[in-house]
Amino acid sequence: MKQRVVIEKFFKAMARSLELEENCFLEMYGETAIMNARFNFFPPCPRPDKVIGIKPHADGSAITILLPDKDVEGLQFLKDGKWYKAPIVPDTILINLGDQMEIMSNGIYKSPVHRVVTNREKERISVATFCVPGPDKEIQPAEGLVSEARPRLYKTVTKYVELHYKYYQQGRRTIEAALI
Ligand SMILES: O=C(O)CCC(=O)C(=O)O
Ligand SMILES: [Fe+2]
């Protein structure tokens, strides 16, 4: 299935799940959206206790389509201070939500912190496609998700990924810069 079709189906389903007009996220994400693909290669590492594959981070995308290694685990997600392994499920892609979806959903959908650990014996390969709104697009909480009971949590952001690289280098969470 084409990645663009996956994105469309996801965004529409997520909007419907929040009782929003189904094109609401897609329209904000825009026609000029970009897909950045990154191939990750993790060689075997004799000291997994000392060396991390990818340090803890949340993705700066709206969503990330991940093709994990078909044999070697390594991806872990942080929840309530504990790391949980993402299991290997044959012939599947893993969809991860990024910060820009957290912003559009006014914090209802979370962009999880994750990392990749190294493996002593085996190499690991993954392909991550980061789906990013076009640089002309303003990303903000959907109007239908802001109310007196649930105030707006995030500012309007543009070119979020540029900011994300800077924060990533510093080991900081970019979403904090978007908080009101
Ligand atoms: O290799 C993986 O499974 C995840 C990679 C990742 O988190 C990333 O490239 O941002
Ligand atoms: Fe990631």
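Residues numbered from 1 in each chain as written. Chains lettered and ligands numbered in written order. Predicted model: local features only at pLDDT ≥ 70, side-chain atom pairs only at ≥ 80, totals over all residues. Heavy atoms only, no water.

Trainee: What exactly am I supposed to notice about the coordination of the iron ion (ligand 2) here?
Mentor: Any two of four tetrahedral donors ideally make an angle of 109.5 degrees at the metal, while pairs among six octahedral donors ideally make 90 or 180 degrees. Protein coordination at the iron ion (ligand 2): the donors are His57 (NE2), Asp59 (OD) and His114 (NE2), at 2.1 to 2.2 Å from the metal. In the primary structure, the donors to the iron ion (ligand 2) are separated according to the pattern H-x1-D-x54-H. Taken as a pair, His57 in strand S2 (residues 52–57) and His114 in strand S7 (residues 114–117) lie far apart in primary sequence, 57 residues in all. Just as His57 is buried, His114 falls in that class too. (Donors = N, O, S within 2.8 Å, 3.2 Å for Na, K, Ca; no water. Helix = DSSP H or I, 4+ residues; strand = E, 2+ residues; numbered from the N terminus. Buried < 20%, exposed > 50% of the residue type's maximum accessible area, 1.4 Å probe, protein only.)

Trainee: So what exactly am I meant to see when it comes to the sheet that holds strand S4 (residues 75–79) here?
Mentor: Neighbouring strands of a sheet are bound in pairs by backbone hydrogen bonds; such pairs are parallel or else antiparallel. One open sheet accounts for 4 strands, arranged S2-S7-S4-S5; its pairing is antiparallel. Edge positions in the sheet fall to S2 and strand S5 (82–85), since each of these pairs with one other strand and no more. For this sheet the average axis-to-axis angle between neighbouring strands, irrespective of direction, equals 30°. As paired elements, S4 and S5 share 4 bridges and run antiparallel to each other. Note on S5: the bridge partner recorded for Leu78 is Trp83. (Pairing = 2+ DSSP bridges. Axes fitted to C-alpha atoms, helices over the stretch in contact; angles between N-to-C directions.)

Trainee: Any chance you could explain the pattern of salt bridges here in plain terms?
Mentor: Where charged atoms from two side chains of opposite charge come close, those side chains can pair. With the rule as written, the count across this model stands at 6 salt bridges. Residues Glu22 and Arg16 are paired through a salt bridge, measuring 2.7 Å at the closest nitrogen-oxygen approach. Relative accessible area serves as the criterion here: at 27%, Glu22 is assigned to the partly exposed category. With a shortest N-O distance of 2.9 Å, Arg47 and Asp49 are connected by a salt bridge. In this structure Arg47 comes out as partly exposed when scored by relative accessible area, which is 41%. (Salt bridge = Lys/Arg side-chain N within 4 Å of Asp/Glu carboxyl O.)

Trainee: Please explain the packing of aromatic side chains as it appears in this structure.
Mentor: The description of two aromatic rings rests on the distance between their centres and on the angle between their planes. Under the counting rule described, the total for this entry stands at 1 aromatic pair. Both rings, one in Phe11 and one in Tyr29, keep their centres 4.9 Å apart while their planes meet at 75°; by these two values the pair is edge-to-face. You can see Phe11 sitting in helix H1 (residues 3–17) and its partner Tyr29 sitting in helix H2 (residues 24–29), a full 18 residues away along the chain. Of the two residues, Phe11 and Tyr29, neither departs from the other in class, the shared state being buried. (Phe/Tyr/Trp six-rings, centres within 6.5 Å; stacked < 30°, edge-to-face > 60°.)

Trainee: What's the story with H1 in this structure? I'm lost.
Mentor: An α-helix turns once per 3.6 residues; consequently, residues spaced three or four apart project the same way. The first and last C-alpha atoms of H1 sit 21 Å apart over 15 residues, in line with the 21 Å expected at 1.5 Å per residue. Among the residues of H1, Val6, Ile7, Phe11, Met14 and Ala15 are the ones counted as buried. The buried residues of H1 occupy an angular sector of 155° when projected down its axis, which confines them to one face. Along its buried surface, H1 packs onto H2, strand S1 (34–42), strand S3 (63–67), strand S6 (94–97), helix H3 (99–104) and strand S8 (124–132). Positioned one or two residues after H1, Glu19 has a phi angle of 60°, which is positive. (Expected span 1.5 Å × (residues − 1). Arc of directions from axis to C-beta. Contact = heavy atoms within 4.5 Å.)

Trainee: What is the right way to read the sheet that holds S1 from this model?
Mentor: Spatially, 4 strands are ordered S1-S8-S3-S6 in an open sheet, and the strand pairing comes out antiparallel. The sheet terminates laterally at S1 and S6, the two strands that pair on one side only. Strand after strand, the sheet turns through a mean of 20° between neighbouring axes, direction not considered. By the bridge criterion, 5 bridges tie S3 to S8 in an arrangement that is antiparallel. Across the sheet, the residue bridging to Ile63 is Cys131, located in S8. Running over the sheet, H1 touches S1, S3, S6 and S8 and is turned about 130° from S3.

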